[in-house]
Amino acid sequence: MNIRYVLGMVLISGAGFLVGCAEEKESTAPPPPAPPEFADKHMPAGWWTDPKIMAEGKEIFEGVKNIDVNCSSCHGKDGKPVKAGARDFRKGERMKLYSDSVWLWRISEGVPNTKMKAWKSKLNEEDRWKVMTYERNFGLPGMAYDVARQEWVPVADLGKPAPAASAPASAPGAAAPATDGKPAEPAPAKGGK
Ligand code: HEC
């Protein structure tokens, strides 16, 4: 009888230990809006389509320009993350939730409590825009953020008015994002300490 009790306790504590091992997952919640200091900052005119700017952005991204700034050491040279948890820029569906201002803000100030640190002390604002023109190619090639329309559009449509609301085709982003308004995933607390 006693031995049963002891065995039971061992099983229960073993199960509790397993529950506590739940791993953290990549957050799918949309990014928060840019704070006021960044909300009015936008890509300099002409930079989305300037191959020279993009080439400079690549050198920043890959740590060629400054060995202390190597985005690809986590985000991967081809945009496939090499460090766990790093944002996957190849996921265009997710990356189009980032306005140019939000993107700049995150590069500038980092993401709290993650390995993504603030880069504003190492990259001036122009360099932060440059690296963005390169990073966007992984998931949003040929696209640019249109400030007036508040959405990503093909670069050829940049600055043009939005197509009439009646035009149904060629509007892949029309469906409402299912995750919109969802709060950030809470950390798994089950069984943890
Ligand atoms: C040490 C690893 C590391 C390096 C180096 C790094 N990042 Fe990140 N980055 C991350 C991680 C981890 C995340 C995901 C943060 C999160 O959970 O939202 C991230 C997220 C991002 C995001 C999305 C922010 C968001 O809201 O999710 C952008 C944009 C970004 N990084 C750009 C850059 C740029 C540009 C550089 C180089 C100047 C860079 N990163 C260097 C680890 C890194």
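Residues numbered from 1 in each chain as written. Predicted model: local features only at pLDDT ≥ 70, side-chain atom pairs only at ≥ 80, totals over all residues.

In this section: the overall build of the protein. Across its full length, the protein carries seven helices and two strands. Start at the N end of the protein and walk to the C end: the helices and strands fall as α-α-α-α-α-α-α-β-β. Relative to its full complement of 193 residues, the protein shows a buried share of 21%. When contacts within the protein are restricted to residue pairs at least 6 apart in sequence, those whose partners lie at least 24 apart make up 64%. (Helix = DSSP H or I, 4+ residues; strand = E, 2+ residues; numbered from the N terminus. Buried ≥ 20, exposed ≤ 12 C-beta atoms within 10 Å, placed from the backbone. Contact = placed C-beta atoms within 7 Å.)

What follows covers the site of the ligand. Residues in close proximity to the ligand total 22 residues, the closest being C71, C74, R87, R106 and M116. Breaking the shell around the ligand down by element, the ones donating at least two residues are α4 (72–75), α6 (100–109) and α7 (125–135). In terms of residue class, the shell around the ligand is built from eleven nonpolar, six polar and five charged. (Near = placed C-beta within 6 Å. Nonpolar A, V, L, I, M, F, W, Y, C, P; charged D, E, K, R; others polar.)

Residues M143 and Y145 point to one face of strand β1 (residues 143–146) and A144 and D146 to the other, with burial holding for every one of them. Between β1 and strand β2 (residues 151–154), which pair antiparallel in sequence order, lie four residues; one of them, Q150, sits at a positive phi of approximately 55 degrees. (Pairing = 2+ DSSP bridges.)

This brings us to the packing of α6 against α7. Interhelical geometry of α6 versus α7 gives an angle of 120 degrees and a closest axis separation of 10 Å. It follows that α6 is oblique to α7 by the angle criterion. Handedness of the crossing formed by α6 with α7: right-handed. Within the contact between the two elements, α6 uses W103, L104, I107 and S108 and α7 uses R128, W129, V131 and M132. (Axes fitted to C-alpha atoms, helices over the stretch in contact; angles between N-to-C directions. Parallel < 35°, antiparallel > 145°, perpendicular 65-115°, else oblique. Left-handed = near helix turned anticlockwise from the far one by under 90°.)

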